[in-house]
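Secondary and tertiary structure notes
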2 protein chains.
Amino acid sequence: MNDDFTIGLDLGGTQVRAALVRAGKVLARTAARTDVSGPEEVMRQFRALVAEVSHAAGGAPIRAIGMCAPGPLDTVSGVIDHIPTLPGWEQFPLRDRLSAIFGIPAIVENDGIAAAFGEWQYGAARGLDHTVYVTVSTGIGGGVVVDGRLMHGARGMAGHVGHFTLAAEGPTCSCGRVGCFEAVAAGTAFGKRVRAAANKNPTSFLGRMAEKGIVEGRHAVEGARAGDAACLALIAEEADWLGSGFASLLHLYSPQMLVMGGGVSVAFDLLEPGIRARIRRDAMAPFREVPVVKAKLGDDAGLVGVASLAVLQQRTAGSFHGRTSKT
Amino acid sequence: MNDDFTIGLDLGGTQVRAALVRAGKVLARTAARTDVSGPEEVMRQFRALVAEVSHAAGGAPIRAIGMCAPGPLDTVSGVIDHIPTLPGWEQFPLRDRLSAIFGIPAIVENDGIAAAFGEWQYGAARGLDHTVYVTVSTGIGGGVVVDGRLMHGARGMAGHVGHFTLAAEGPTCSCGRVGCFEAVAAGTAFGKRVRAAANKNPTSFLGRMAEKGIVEGRHAVEGARAGDAACLALIAEEADWLGSGFASLLHLYSPQMLVMGGGVSVAFDLLEPGIRARIRRDAMAPFREVPVVKAKLGDDAGLVGVASLAVLQQRTAGSFHGRTSKT
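Keep in mind that this is a model prediction, so the values were computed, not measured.

A few words now on the sheet that holds strand 4 (residues 62–69) of chain B. Residues and elements named next belong to chain B. Taking strand neighbours across the sheet as the criterion, the five strands line up as 3-2-1-4-5 in an open arrangement whose pairing is mixed. Each edge of the sheet is formed by a strand with only one pairing partner; in this case those strands are strand 3 (25–33) and strand 5 (106–110). If you compare each strand with its neighbour and ignore which way they point, the axes differ by 20° on average. Bridge analysis of strand 4 against strand 5 gives five bridges, and the strand direction is parallel. Considered in strand 5, the bridge of Cys68 is made with Glu109. Strands strand 1 (5–11), strand 4 and strand 5 of the sheet are contacted by helix 2 (residues 94–102), whose axis makes an angle of about 145° with strand 5.

What follows is the structure, given as structure tokens:
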């Protein structure tokens, strides 16, 4: 079953992506800028992207298709409630449309849960029964494997690991509430602290960067690698917030391992000592030594995960040869 | 199987309790003050308590025995690491000793997880696939049912729902870290705020109570029921903290219902509007209307839950007639 060809799709606010996947490997991939006109326009984009990657199957049948998107997404009904960053998607029956367009079984999945499945089946958490995957990029999302199963919860919306209050007096989060883990520890929050440091000290490494353009988190990572003290302090602060949130997640889910992915994980080697120190200080004794590791699949985790989930959940005999059965 | 007689035990820092349970009903119960000399002395207490409640089985076989205790407790190994409030329990092989003493299959379970199972099988959350149980008393504990199964996690230690950071600048928690949900919202924190209010205004309802003895949370509940404004404000503050913590738990586990038990839940009717208001403000849209209800089994949730789990997990044909097979 896992040797079947399957398609993974990723619906993002800025990019739509498609991949042909077999046994956890991406055999072909493509992407386009998200058409913001509406869902049918995006469906047209996906038809083109899927036609493109399907060639790599060499005519072999494609068994299933899976799409991941940012949550909260009701994956039981498969109907989009709304997408904050994309107008016109209200009450769009995503799963049924995908299945009708491609003529094969389709699933939709929250992107964090899909990526958690990918890392569990083919990445850093292979063979474990309990793992928490956290992606730290613009926001913080993730998914949970517990007791040997992928956790879904009511309407498939469990595991919004970026949206618990970490700092009751903290900054406002993208979700509207105050002081979420995401609001203090995501790449966006890190970037703000980096820019504040650049403004505060114009003659520093970051201050000089600011003269050339907008300073971002990656500049602090670069500075830290070069040994700049201010950048190292920013990395330490970010690691401290991450460690605090991760310690909470260990208590809540008791994983054997916590896997960190997302854009910020490019600095995992720099962040790791501070994350570990905070967990040692914050976690209850039996949770202190749970390993925190870097994700292995990178940007592919969601695509590989949702494609693999789709083929597992496929129950009918339908197959698909790269042609769309409806338009 | 559920019609079998089974024993539930509860190991607390101040009280040890035993109950004879069948089909979720407590048929007999007894309790004693915990012998703090050490584990073997407590085992002797449990032998006496079990002998007492077993009479109610009328000679019918008792199939299994389950004990719950405060976590973190490694319920996979069944060995106690240590109990902060009880000396001498280091590396005590609790499950094996219970099984040897009573000659029947034994299990040990974290008390929050046991109570969650009790409320799921026989209480407020019957028939649901996803529920979070939170006990708010001296501390905050709980357990989670997700995707139709009781969540255990690595070493059976998942669901420490009182120990995620809610207020990064908050008071120190019993677990040693700063600003846990428990540290700001448990009965202990509520009692402190009530005493502070009493001290601040000696002529108030609470101030007058303070002349008669130590003021506790229950006095504020009493005052609130009588319409005292200061007491109502304290209830509103407590409800706000609870609502903030509960909103986080909805995002983390996506339950269909959150069940609140523990000593503080005697004031559930007073707290509920404030809890609901905070959840409406704090939770992401798809989580805002998840019901929050009062637990149904009260103090019995853990005993009923662990007894029922024990009989479910019992796999051998052994039975027990109320006599201890070893001393």
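Further remarks concern the confidence of the model for chain A. For chain A, the mean per-residue pLDDT works out to 93, and 95% of the residues sit at or above 70. Of the regions scoring below 50 in pLDDT, residues 315–327 of chain A engages in 34 contacts with residues more than four places distant in sequence or in other chains.

Here the focus is the packing of aromatic side chains. According to the stated counting rule, one finds 10 aromatic pairs over all chains in the structure shown. Considering the side-chain rings of A:Phe117 and A:Trp120, the 5.8 Å spacing of their centres and the 75° angle between planes classify their relative orientation as edge-to-face. With a gap of three residues between them, A:Phe117 and A:Trp120 both fall in helix 3 (residues 111–122), about one helical turn apart. For A:Phe117, a relative accessible area of 5% gives the class buried. Look at B:Phe181 and B:Phe246: their rings are 6.1 Å apart centre to centre, the planes differ by 85°, and that puts the pair in the edge-to-face class. Linking B:Phe181 in helix 4 (residues 181–185) with B:Phe246 in helix 8 (residues 229–253), this pair joins segments that are 65 residues apart in sequence. Residue classification places B:Phe181 among the buried positions, given a relative accessible area of 0%. Judged by its relative accessible area of 0%, B:Phe246 is buried. Taken together through their ring pairs, the aromatic side chains of A:Phe164, A:Phe181, A:Phe246, B:Phe164, B:Phe181 and B:Phe246 make up a single cluster.

Attention now moves to the packing of helix 5 (residues 187–200) of chain A against helix 7 (residues 217–225) of chain A. Residues and elements named next belong to chain A. One way to put it is that helix 5 packs onto helix 7 with a least axis distance of 8 Å and a crossing angle of 65°. Classified by the interaxial angle, the pair formed by helix 5 and helix 7 is roughly perpendicular. Across from Phe190, Gly191 and Val194 in helix 5, the residues of helix 7 making contact are Gly217, Ala220 and Val221. Classifying every residue of the contact of helix 5 with helix 7 gives four nonpolar, two polar and no charged.

What follows is about the pattern of salt bridges. Within the structure shown, the criterion is met by 27 salt bridges over all chains. Connected through salt bridges with shared partners, the residues A:Arg177, B:Asp240, B:Arg278, B:Arg281 and B:Asp282 form a single ionic network.

Contacts between the two partners involve 39 residues from chain A, matched on the other side by 39 residues from chain B. Note on chain A versus chain B: buried area summed over both sides is about 3,400 Å², and carbon and sulfur give 57% of it. Among the residues chain A hides against chain B, the three largest losses belong to A:Arg177, A:Leu252 and A:Met284. Together they make up 17% of the total. The interface formed by chain A and chain B includes two salt bridges. The salt bridge partner of B:Asp282 is A:Arg177, with a shortest N-O separation of 3.4 Å.

One finds A:Phe246, A:Leu249, A:Tyr253, B:Phe246, B:Leu249 and B:Tyr253 to be the most contacted residues of the largest nonpolar core, which totals 104 residues. When sequence neighbours within four positions are dropped, the list of residues in contact with B:Leu249 reads A:Leu252, B:Val132, B:Val134, B:Val161, B:Phe164, B:Phe181, B:Ser254, B:Pro255 and B:Leu258.

Parameters and conventions
- Residues numbered from 1 in each chain as written.
- Chains lettered and ligands numbered in written order.
- Predicted model: local features only at pLDDT ≥ 70, side-chain atom pairs only at ≥ 80, totals over all residues.
- Heavy atoms only, no water.
- Pairing = 2+ DSSP bridges.
- Helix = DSSP H or I, 4+ residues; strand = E, 2+ residues; numbered from the N terminus.
- Axes fitted to C-alpha atoms, helices over the stretch in contact; angles between N-to-C directions.
- Contact = heavy atoms within 4.5 Å.
- pLDDT = per-residue confidence, 0-100.
- Phe/Tyr/Trp six-rings, centres within 6.5 Å; stacked < 30°, edge-to-face > 60°.
- Buried < 20%, exposed > 50% of the residue type's maximum accessible area, 1.4 Å probe, protein only.
- Parallel < 35°, antiparallel > 145°, perpendicular 65-115°, else oblique.
- Nonpolar A, V, L, I, M, F, W, Y, C, P; charged D, E, K, R; others polar.
- Salt bridge = Lys/Arg side-chain N within 4 Å of Asp/Glu carboxyl O.
- Buried area = accessible area lost by both parts, 1.4 Å probe.
- Core = buried A, V, L, I, M, F, W, Y, C linked by side-chain atoms within 4.5 Å.

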